[in-house]
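# Summary of the model geometry
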Amino acid sequence: MTDRRLLRAGMLTAAMLLALFGCRREPAEQAPTVQPSSSSLSVSSSPPSPPETKTVQGVVHWEEDGSFTISNEAAKEVRLSLSGFPGDQDMIQEGAVIEAEYLEENEEPYSVCSLTLIAKPPLWAEYQVRAKEILSTMSIEEKAGQLFFIRCPDQGVAEIIEAYHPGGILMFARDFEGLTFDETAEKIAAFQEASQIPLLIGADEEGGRVTRISFNPLLRSARFPSPQQLYSSGGMSAIAEDAEEKSRLLLSLGVNVNLAPVCDVSTSPLDFIYDRTLGQDAAQTANYADIVVRTMNREGIGCVLKHFPGYGNNLDTHTGIAYDYRPIETFESSDFLPFQAGIEAGAGGVLVSHNIVFEMDPDRPASLSPEVHRILREELGFEGVIMTDDLSMGAIAQYTDSAAVQAIQAGNDLLISTDYVRQIPEVLKALEEGKLTEGQIESASQRVLCWKLSLGLA
């Protein structure tokens, strides 16, 4: 696994080395030479030396005036300006490592003439400081509450938000049923008004069988098509257009997280998960994940890759435990590929299934397995929010009676929970007893806050 991981990292780094627009200077116009006479001196002029260019490599930090500094371990810091630079400015993100060629003339900021991306910035690098500031003002109860993505209550939502400080509210079909556009938007706005820290408002709007919002004809005239229907009718172009329309509709209602895309690889109609997938091989599913994530990010809505580490041909975990006996090579060569593509495209969330994957952890569901979370963090390089599937599903209910505590111990940041009234106090009790540390809670809560900040919420 280590060799493969190094190879993937090397390929990624190689793909990101993009040199753009080298410095160009038109030759200076040469003054005419004065031909000497027998009684005069020879006078000629040479073109002036072009301004000197220099190169610096380091980490990007943006300044308030629109310039940016590049700093490195050698304590060298140079302030640069993009004025007149025609290249790809999207690579100059806060925290990115770049190499810049610039003209050292007059005074800083110097003019950039070429850029090379060395390494992408850590996910949400620009939001870390603000997230820590918010975290420092919160009580331990508020920090613990941020780790819960609670199922939308039938009633008393404002009181529940005040009492439990949830990080988000997950809405299902019943929560949209019979509501007009304005009624839905007003309902969600009331949730936000009741919370001191802006909420993640989520829904599963995959298309096809799983459509929590567009099943309501008052919100859309027809359900969003399934990924397979879109791919069959218009290929990846139809996929991109659908993701754009879907994202805009959800955001207009106040829903800021769509628990999509489904990244599971399935080509057999006999598989439980098949009709929720693209129905294509790993390579095409990876392409699909990349396109959907990039479109959703561009529209400003949160996305969630699911169901890690890959559902395969397993049974429905809503009703009981599913055992996955496939070899690790199958995951490395197939199931991981769409997740890797979505992660590299900038996905903010990954949802972990309740399947027991014997080659990774024969004793625990993936959602409660430290080893599965290690693979996701270290081998796939995911830095965002890891969330569980609903901890009240049959696969978990029959396995443990302290799922929330075990989920945090395993490395989850956000817990989808119907039984939050019992589980949030359990987490606080586990903190008092030393089964969980405040550091674990703060680390997870900080990721959730960073995700919110990236979505323009906190």
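Refer to the structure printed above.
A few points on the structure. Model, not experiment: these values are computed from the prediction.

Here the focus is the pairing of strand β9 (residues 200–203). Working note: regular strand, side chains alternate between the two faces of the sheet. Neither face of β9 is open: one carries L200 and G202, the other I201 and A203, and all of them are buried. Where β9 and strand β12 (residues 257–258) come together, two bridges link them in parallel fashion. Following the sheet pairing, A203 is matched in β12 by N258.

Time to look at the packing of helix α7 (residues 227–253) against helix α8 (residues 282–299). With their axes 9 Å apart at the nearest point, α7 and α8 run at an angle of 25° to one another. When the axes of α7 and α8 are compared, the pair comes out roughly parallel. You can see that α7 and α8 cross each other, and the crossing is right-handed. Residues P227, Y231, M236, I239, A240, A243, E244, S247, R248 and L251 of α7 lie in contact with α8, whose contacting residues are Q284, N287, Y288, I291, V292, T295, M296, R298 and E299. Its residues placed into classes, the contact of α7 with α8 shows 11 nonpolar, four polar and four charged.

Another point: the pairing of strand β7 (residues 148–151). Where β7 meets strand β18 (residues 415–417), three bridges bridge the pair, whose relative direction is parallel. The residue bridging F149 from the neighbouring strand is I416, located in β18. After leaving β7, the chain enters helix α4 (residues 157–164) and then returns to the sheet as strand β8 (residues 168–171), a path that is right-handed.

Before going further, it helps to spend a moment on the sheet that holds β8. An order of β17-β15-β13-β12-β9-β8-β7-β18 is seen for the eight strands of this open sheet, with the pairing classed as parallel. Single-partner strands in this sheet number two, and they are β17 (385–388) and β18. Looking at chain direction, β12 and strand β13 (residues 302–308) are connected through two bridges and run parallel. Looking across to β13, one finds that V257 is bridged to G302.

So, on to the packing of helix α2 (residues 128–136) against helix α14 (residues 438–454). When two helices pack together, you describe them by how their axes are tilted relative to each other and by the distance separating the axes. The N-to-C vectors of α2 and α14 enclose an angle of 120°; their axes lie 9 Å apart at closest approach. Our classification of the angle between α2 and α14 gives oblique. In this structure, the crossing between α2 and α14 has a hand that is right-handed. Contacts from Q128, R130, A131, K132, I134 and L135 of α2 reach α14 at E442, S445, Q446, L449, C450 and L453. Taken together, the residues of the contact of α2 with α14 sort by class into six nonpolar, three polar and three charged.

Turning next to the packing of aromatic side chains. Going through the model one piece at a time under the given rule, you end up with 10 aromatic pairs. Between Y164 and Y420 the ring centres are 6.0 Å apart and the planes differ by 75°, which places this aromatic pair in the edge-to-face class. Separated by 256 residues along the polypeptide, Y164 in helix α4 and Y420 in helix α13 (residues 420–433) bring together distant segments of the chain. Centre to centre, the rings of F272 and Y311 are 5.9 Å apart; their planes meet at 40°, and the pair counts as tilted. Of this pair, F272 sits in the loop between β12 and α8 while Y311 sits in the loop between β13 and β14 (323–324); the two residues are 39 residues apart in sequence, bridging distant segments of the chain. Owing to a relative accessible area of 26%, F272 belongs among the partly exposed residues under this scheme. Of the residues examined, Y311 reaches a relative accessible area of 3% and is grouped as buried. The cationic tip of R151 hangs over the ring face of F172; the distance from NZ or CZ to the ring centre is 4.1 Å.

Moving on, we get to unusual backbone geometry. Here A260 and P261 are connected by a cis peptide whose omega angle stands at 10°. Relative to the helices and strands, P261 resides in the loop between β12 and α8. Along the chain, F308 connects to P309 via a cis peptide bond; the corresponding omega equals 10°. Among the secondary structure elements, P309 is positioned in the loop between β13 and β14. The residue W124 is not glycine, and still its phi comes out positive at about 65°.

For the coordinates displayed, the defined rule picks out one cavity of 30 Å³ or more. In this structure, the largest cavity occupies an estimated 120 Å³ of space. In terms of lining residues, the largest cavity is bounded by 16 residues, among which D242, A243, K246, Y288 and V292 are the most central. Elements that contribute at least two residues to the lining of the largest cavity include exactly β10 (205–207), α7 and α8. Considering every element that reaches the lining of the largest cavity, the biggest residue donor is α7, with seven residues.

A few words now on the pattern of salt bridges. Counting across every chain of the model gives 29 salt bridges. Two residues, R298 and E244, come together in a salt bridge whose shortest N-O distance is 3.9 Å. Placement of the pair is R298 in helix α8 and E244 in helix α7, with a sequence separation of 54 residues. Note on R298: relative accessible area 56%, which makes it exposed. Of the residues examined, E244 reaches a relative accessible area of 27% and is grouped as partly exposed. R374 is paired through a salt bridge with E378; the nearest N and O atoms lie 3.2 Å apart. One end of the pair, R374, and the other, E378, are both in helix α10 (residues 370–379), four residues apart, so they sit about a helical turn from each other.

Cut-offs applied
- Residues numbered from 1 in each chain as written.
- Predicted model: local features only at pLDDT ≥ 70, side-chain atom pairs only at ≥ 80, totals over all residues.
- Heavy atoms only, no water.
- Buried < 20%, exposed > 50% of the residue type's maximum accessible area, 1.4 Å probe, protein only.
- Helix = DSSP H or I, 4+ residues; strand = E, 2+ residues; numbered from the N terminus.
- Pairing = 2+ DSSP bridges.
- Axes fitted to C-alpha atoms, helices over the stretch in contact; angles between N-to-C directions.
- Parallel < 35°, antiparallel > 145°, perpendicular 65-115°, else oblique.
- Left-handed = near helix turned anticlockwise from the far one by under 90°.
- Contact = heavy atoms within 4.5 Å.
- Nonpolar A, V, L, I, M, F, W, Y, C, P; charged D, E, K, R; others polar.
- Right-handed = clockwise from strand over helix to strand, strands pointing away.
- Phe/Tyr/Trp six-rings, centres within 6.5 Å; stacked < 30°, edge-to-face > 60°.
- Lys NZ or Arg CZ within 6 Å of the ring centre and 35° of its normal.
- 1 Å grid on protein atoms, 1.4 Å probe; cavity = no way out; pocket = protein on both sides within 12 Å on 5 of 7 lines; lining within 4 Å.
- Points joined across faces, edges and corners; volume = space filled by probe spheres on them.
- Salt bridge = Lys/Arg side-chain N within 4 Å of Asp/Glu carboxyl O.

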